[in-house]
There are 2 protein chains.
Amino acid sequence: MISHPEGRGRPHVVIVGAGFGGLYAARALRRAPVDVTVIDRRNHHLFQPLLYQVATAALNPSDIAAPIRKILRWQKNTTVLLADATQVDVERKKVGLTDGEMGYDYLILATGVTDSYFGHEDWAPCAPGLKSIEDALEIRRRVLVAYEAAERTEDPERRSTWLQFVIVGAGPTGVELAGALAEISRRALARDFRNIDPTQARILLLEGLDRVLPTFPPQLSEKARRQLERLGVEVRVQKKVTGVDEEGVSLDDERIEAKTVLWAAGVAASPIAQSLGVPLDRAGRVQVMPDLTIPGRSDVFVIGDLAAFEQDGQLVPGVAPAAIQEARHAAGNITRAVKGKLYVPFRYRDKGMLAVIGRAAAVANLRHLKLSGFIAWLTWVIVHLYLLIGFRNRIIVMFEWAWAYFTYERGARLITGRIDRLKD
Amino acid sequence: MISHPEGRGRPHVVIVGAGFGGLYAARALRRAPVDVTVIDRRNHHLFQPLLYQVATAALNPSDIAAPIRKILRWQKNTTVLLADATQVDVERKKVGLTDGEMGYDYLILATGVTDSYFGHEDWAPCAPGLKSIEDALEIRRRVLVAYEAAERTEDPERRSTWLQFVIVGAGPTGVELAGALAEISRRALARDFRNIDPTQARILLLEGLDRVLPTFPPQLSEKARRQLERLGVEVRVQKKVTGVDEEGVSLDDERIEAKTVLWAAGVAASPIAQSLGVPLDRAGRVQVMPDLTIPGRSDVFVIGDLAAFEQDGQLVPGVAPAAIQEARHAAGNITRAVKGKLYVPFRYRDKGMLAVIGRAAAVANLRHLKLSGFIAWLTWVIVHLYLLIGFRNRIIVMFEWAWAYFTYERGARLITGRIDRLKD
């Protein structure tokens, strides 16, 4: 069904995945003498850093997602295919799809990561993670339904179980979710119920290590913790989750009854990496060479979250700026090769890290600067508006944020999909 | 689980359904000496007249939907419950829910209508209708996937089957969908594909009666048909559908191969009406008395699309203004009864009808005026912005419309949910 675009006489670059890595690689190849095919099983590029805002009813899915083929519309050497790539045959130089295959001269693999439950896959239905739009809408549904169910039940114990929210994992995603949930309960929903007081909802953030935001400097972790607590989030560190079910979470020495548990604790590489036949790290990521190719195959690049790239003894973090830098570097190396030049090694330039906690609350670890509070939050707002793709999306998001800032409202408080979970 | 709010000593009015009928009834009771409970199985009021714009990727769900409890937040005599009402026991004065029951002193039933396939319920999965947000997202998914699948297939016959869209029923919803699909193919998607030319998509609008918009005056039907054809829609009237399956539709004398079939041909009353034990019309609607109660029960009102109200030998149409007028009237009658006064009969004031076809194309049948083209379209835009609930929603929708008007883009081109239908 799918054919290689043959006879054009130019090298064919196949990019699998249109996240930050894949999309920026395609863009970087727009003037290269190659034909590019971008394969993704979604029709949209997702701006994942703002996905938690969809999960917490602040933004709409289409505010942070744009059709891949629209983004690449004017790039004439590039074709976009909606297809699900499942494996790579590096010998035959083919990408296997669920319904066909596609040959390549160069491959850029950028399929990213999914949630990891550390071998407890049965926890997944009870504690959804946050990776796709569907995930975000499911979390939104669960959070909003929890308040509706609490409003309806008369048993005070059940009620407090519905009003207990647990977030497992205090990395940036867990911190963002916890902060947003606290704001929803204390502001957006505060006056909308008759039988319950939403401000009595309890938001519990659990972390296995000894502080929130463990990849940030300790003093910023401390500031983040204080900002979270000011919003009403209960933070507990050095807590290991030993069980998750529909009624709550079990810790080593404690049981917490909660109808809503969200998972932000770990990632596992996309399983397609296993078909490459090269060494993977513990999370299943591909240990790439200094030029971002895989060992023994100079025509296969792995970039973004799927790549484990070590620099100065440290792993480059799984963040958008790293994926974008790697994408541009891989595209540059391919362009060099096509022109008969040698590959050059990649070097990551760390521009800093941001984590947002809530309204006017964030931390920023920039190169020479550590910020927190309003100024860090403003930095976060500006950087994220700047990185968002599409003029229209920027305007809408800017409007939604301004509206939310002044009214404390959430614009997308819809329960869609199943409503059966309401039954207690 | 659910209890009657007893002991308040005021009559308890239960409203089932928070569409135009239910919501405006609740609002009209805000100062009445009663306690009001609004029951809906959704958490949101949906502005159904714009639902086709969600189905055709122009608007986001939350642009046309608002949480019921947020709308009624400041109305202190009113409680909102997320629950699924399945029957009414008029003897015991109770509404049965899937998980409990609720007693009433007065009942306003406003649960509306669903799609009717005229006894062919097996057609439903092949030809979705447009009643809920889930329906709209499913239609959006099917339409966008059809272009993706056409781009991927190499068989020219399959390709044209994917690019054939059939809409069954040329009432306002069918006309709106057909016009919007034509605009998508000719404008929004025109440059985004490499193997197909989206402008070659065929949009076919089928109608069983002898003209489009049969409830409008014949000269406006004729104008609507011409505007549809100008957009590229093929209109065929007096065509009876005898079969629908995954590969197309069968007519009396013809077979049309099409992967995407949409249903806008008929409505059936919400089944809860059957539990009232009163005469229903052919579509299952309740034949109400002049005061909007049901025969023999002065404490049960039926309003909106669920009611069949005859005036001057004609049925009041199933449109939002009729539901709103009936809602206010039913609320008024309840208020009168509580104050010891008699019910008064309802009289529908027809303010006219509007149907939109596309950009700058519409027809309007106002009291002393028949409009078409740009001026009818402008009327439609203003009326619908005015009727939309919520200042925020108005601003967003206004922005989206202005953006679409000048760029011809569609802002919500996301495929979410299953992607398996892609496999040919």
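The rules we used
- Residues numbered from 1 in each chain as written.
- Chains lettered and ligands numbered in written order.
- Predicted model: local features only at pLDDT ≥ 70, side-chain atom pairs only at ≥ 80, totals over all residues.
- Heavy atoms only, no water.
- Helix = DSSP H or I, 4+ residues; strand = E, 2+ residues; numbered from the N terminus.
- Rg over C-alpha atoms; globule rule 2.2 N^0.38 Å.
- Buried < 20%, exposed > 50% of the residue type's maximum accessible area, 1.4 Å probe, protein only.
- Contact = heavy atoms within 4.5 Å.
- Lys, Arg positive; Asp, Glu negative; His and termini not counted.
- Charge placed at Lys NZ, Arg CZ, Asp CG, Glu CD.
- Least-squares fit on C-alpha atoms with pLDDT ≥ 70 in both.
- Patch = residues over 30% accessible without salt bridge, like charges linked within 9 Å, V, L, I, M, F, W, Y side chains within 5 Å.
- Areas by Shrake-Rupley, 256 points an atom, 1.4 Å probe, with all protein chains shown as cover.
- Salt bridge = Lys/Arg side-chain N within 4 Å of Asp/Glu carboxyl O.
- Pairing = 2+ DSSP bridges.
- Axes fitted to C-alpha atoms, helices over the stretch in contact; angles between N-to-C directions.
- Polar contact = N/O pair within 3.5 Å; in protein donor to acceptor, adjacent residues only side chain to side chain.
- pLDDT = per-residue confidence, 0-100.
- Buried area = accessible area lost by both parts, 1.4 Å probe.
- Phe/Tyr/Trp six-rings, centres within 6.5 Å; stacked < 30°, edge-to-face > 60°.
- Lys NZ or Arg CZ within 6 Å of the ring centre and 35° of its normal.
- Expected span 1.5 Å × (residues − 1).
- Arc of directions from axis to C-beta.

What follows is about the overall build of chain A. A count of helical and extended segments in chain A gives 10 helices and 27 strands. By the compact-globule yardstick of 22 Å for 424 residues, chain A fits well, its C-alpha radius of gyration being 22 Å. Its C-alpha atoms give chain A principal-axis dimensions of about 70 × 50 × 45 Å. Split into buried and exposed, the 424 residues of chain A put 58% on the buried side. If you take every contact in chain A between residues at least 6 apart in sequence, the share linking residues at least 24 apart comes to 64%. Distance from the positive charge centre (56 side chains) to the negative charge centre (49 side chains) of chain A: 8 Å.

Let us look at the relation of the copies chain B and chain A. With an RMSD of 0.0 Å, chain B superimposes on chain A once it is rotated by 180 degrees and translated 0.0 Å along the axis. Such values leave the two copies arranged in the relation of a two-fold axis. The rotation axis passes nearest to the C-alpha of Asn 60 of chain B in chain B, at a distance of 3.5 Å. Both copies contact each other with a shared surface, as 100% of the interface residues of chain B are interface residues in chain A too.

All names here are of chain A. Together, Phe 374, Leu 378 and Ile 382 make up an exposed nonpolar region whose accessible area comes to about 280 Å². Here Leu 378 lies in helix α9 (residues 374-387). Assessed through its relative accessible area of 34%, Leu 378 is described here as partly exposed.

Residues and elements named next belong to chain B. In space, the 3 strands of this open sheet follow the order β14-β15-β16, with antiparallel pairing throughout. Each having just a single partner strand, β14 (241-245) and β16 (254-257) make up the two edges of the open sheet. Each strand of the sheet is rotated relative to its neighbour by a mean of 15 degrees, with strand direction disregarded. Relative to strand β15 (residues 248-251), β14 runs antiparallel, the two being bridged by 4 bridges.

So, on to the environment of Asp 99 of chain B. Within the element layout of this structure, Asp 99 of chain B appears in the loop between β7 (94-97) and β8 (100-103). The spatial distance from the C-alpha of Asp 99 of chain B to the C-alpha of Ala 83 of chain B is 8.0 Å, given a sequence separation of 16 residues. One polar contact links Asp 99 of chain B to Arg 152 of chain A, side chain to side chain, over a distance of 3.0 Å.

Moving on: the sheet that holds strand β8 (residues 100-103) of chain A. Residues and elements named next belong to chain A. Spatially, 3 strands are ordered β6-β7-β8 in an open sheet, and the strand pairing comes out antiparallel. In this open sheet, the two edge strands, each paired with only one partner strand, are β6 (85-89) and β8. Strand-to-strand twist in this sheet, taken as the mean axis angle between neighbours without regard to direction, amounts to 25 degrees.

All names here are of chain A. Sheet analysis places β6 next to strand β7 (residues 94-97), joined by 4 bridges and oriented antiparallel. Within β7, the residue paired with Ala 85 across the bridge is Leu 97. Hairpin connection of β6 to β7: 4 residues between the antiparallel strands, including Lys 93 at a positive phi of 55 degrees. Summarising the sheet, β7 and β8 pair through 4 bridges and their orientation is antiparallel. Across the sheet, the residue bridging to Leu 97 is Gly 100, located in β8. Taken together, β7 and the strand that follows it, β8, pair antiparallel across an intervening segment of 2 residues.

Here we come to unusual backbone geometry. Residues and elements named next belong to chain A. Not every positive phi belongs to a glycine, and Leu 213 is a case in point at roughly 45 degrees. Structurally, the position occupied by Leu 213 is in the loop between β12 (202-206) and α7 (218-231). We classify Leu 213 as buried; its relative accessible area is 0%. Within the chain, Asp 312 stands out as a residue other than glycine whose phi angle is a positive 55 degrees. Turning to its location among the elements, Asp 312 is positioned in the loop between β23 (310-311) and β24 (314-315). By relative accessible area, which is 62% here, Asp 312 ends up exposed.

Our next topic: the pairing of β15 of chain B. All names here are of chain B. Hairpin connection between β14 and β15: a loop of 2 residues separates the two successive antiparallel strands. Across 4 bridges, β15 lies against β16 in antiparallel orientation. Paired with Gly 248 across the strands is Glu 257, a residue of β16. Counting the residues between successive antiparallel strands, the hairpin from β15 to β16 contains 2 residues.

Moving on, we come to the confidence of the model for chain A. Residues and elements named next belong to chain A. Of the residues in chain A, 96% reach a pLDDT of 70 or more, and the chain-wide mean stands at 92. Confidence drops under a pLDDT of 50 for residues 1-7, and excluding neighbours within four residues, the segment shows 15 contacts in the predicted structure. Both confidence scores are given for the complex: pTM 0.90, ipTM 0.86.

Residue position: His 44 of chain B is located in strand β3 (residues 44-46). For His 44 of chain B, a relative accessible area of 6% gives the class buried. There is a polar contact of 2.9 Å between the side chain of His 44 of chain B and the side chain of Asn 43 of chain B. Each residue touching His 44 of chain B, except ones within four places of it in the same chain, is listed here: Leu 414, Ile 415 and Thr 416 of chain A together with Ala 65, Ala 66, Pro 67, Ile 68 and Ile 133 of chain B.

Contact with chain B, which involves 60 residues of that partner, is made by 60 residues of chain A. Counting the surface lost from both chain B and chain A, the interface buries some 5,700 Å², and carbon and sulfur atoms represent 54% of this. If you sort the residues of chain B by the area they bury against chain A, Arg 69, Arg 152 and Arg 194 of chain B come out on top, with a joint share of 15%. Where chain B meets chain A, there are 8 salt bridges. For Glu 148 of chain B, the salt bridge identified is with Arg 69 of chain A, shortest N-O distance 2.6 Å.

Here we take up the pattern of salt bridges. Think of it this way: side chains of opposite charge can pair up when their charged atoms draw near. In total, this model carries 51 salt bridges over all chains according to the counting rule given. Here Arg 413 of chain A and Asp 192 of chain A are joined by a salt bridge, their closest N and O atoms 2.9 Å apart. Placement of the pair is Arg 413 of chain A in the segment after α10 (391-407) and Asp 192 of chain A in the loop between α6 (172-188) and β12, with a sequence separation of 221 residues. The salt bridge partner of Glu 234 of chain B is Arg 202 of chain B, with a shortest N-O separation of 3.2 Å. Of this pair, Glu 234 of chain B sits in strand β13 (residues 233-236) while Arg 202 of chain B sits in strand β12 (residues 202-206), and the two are 32 residues apart along the sequence. Residue class for Arg 202 of chain B comes out partly exposed when judged on its relative accessible area of 42%.

On to the environment of Ile 133 of chain B. On the secondary structure map, Ile 133 of chain B appears in helix α4 (residues 133-152). On the basis of relative accessible area, Ile 133 of chain B is assigned to the buried category, the value being 1%. Considering only alpha carbons, one finds Ile 133 of chain B and Val 54 of chain B, 79 residues apart in sequence, at a separation of 7.8 Å. Apart from the residues lying within four places of it in its own chain, the contact partners of Ile 133 of chain B are Leu 414 and Thr 416 of chain A together with His 44, Leu 46, Leu 51, Pro 61 and Ala 65 of chain B.

Here the structure, examined in full by the defined rule, presents 26 aromatic pairs over all chains. Of note, Lys 259 of chain A hangs over the ring of Trp 162 of chain A, and the distance from its end group to the ring centre comes to 5.0 Å.

A cluster of basic side chains, namely Arg 30, Arg 31, Arg 328, Arg 349, Lys 351 and Arg 367 of chain A, defines a positive patch on the protein surface. Along the polypeptide, Arg 328 of chain A turns up in helix α8 (residues 320-338).

Residues and elements named next belong to chain B. Under the 1.5 Å per step criterion, the end-to-end length of helix α7 (residues 218-231) is 20 Å for 14 residues, consistent within 8% with the ideal 20 Å. Along α7, the residues classified as buried are Leu 220, Ser 221, Ala 224, Gln 227 and Leu 228. Buried residues of α7, seen end-on, are gathered within an arc of 125 degrees and therefore sit on one face of the element. Facing away from the buried side of α7 by over 90 degrees, the exposed positions are Pro 218 and Arg 230. Downstream of α7 by one or two residues, Gly 232 has phi in the positive range, about 105 degrees.

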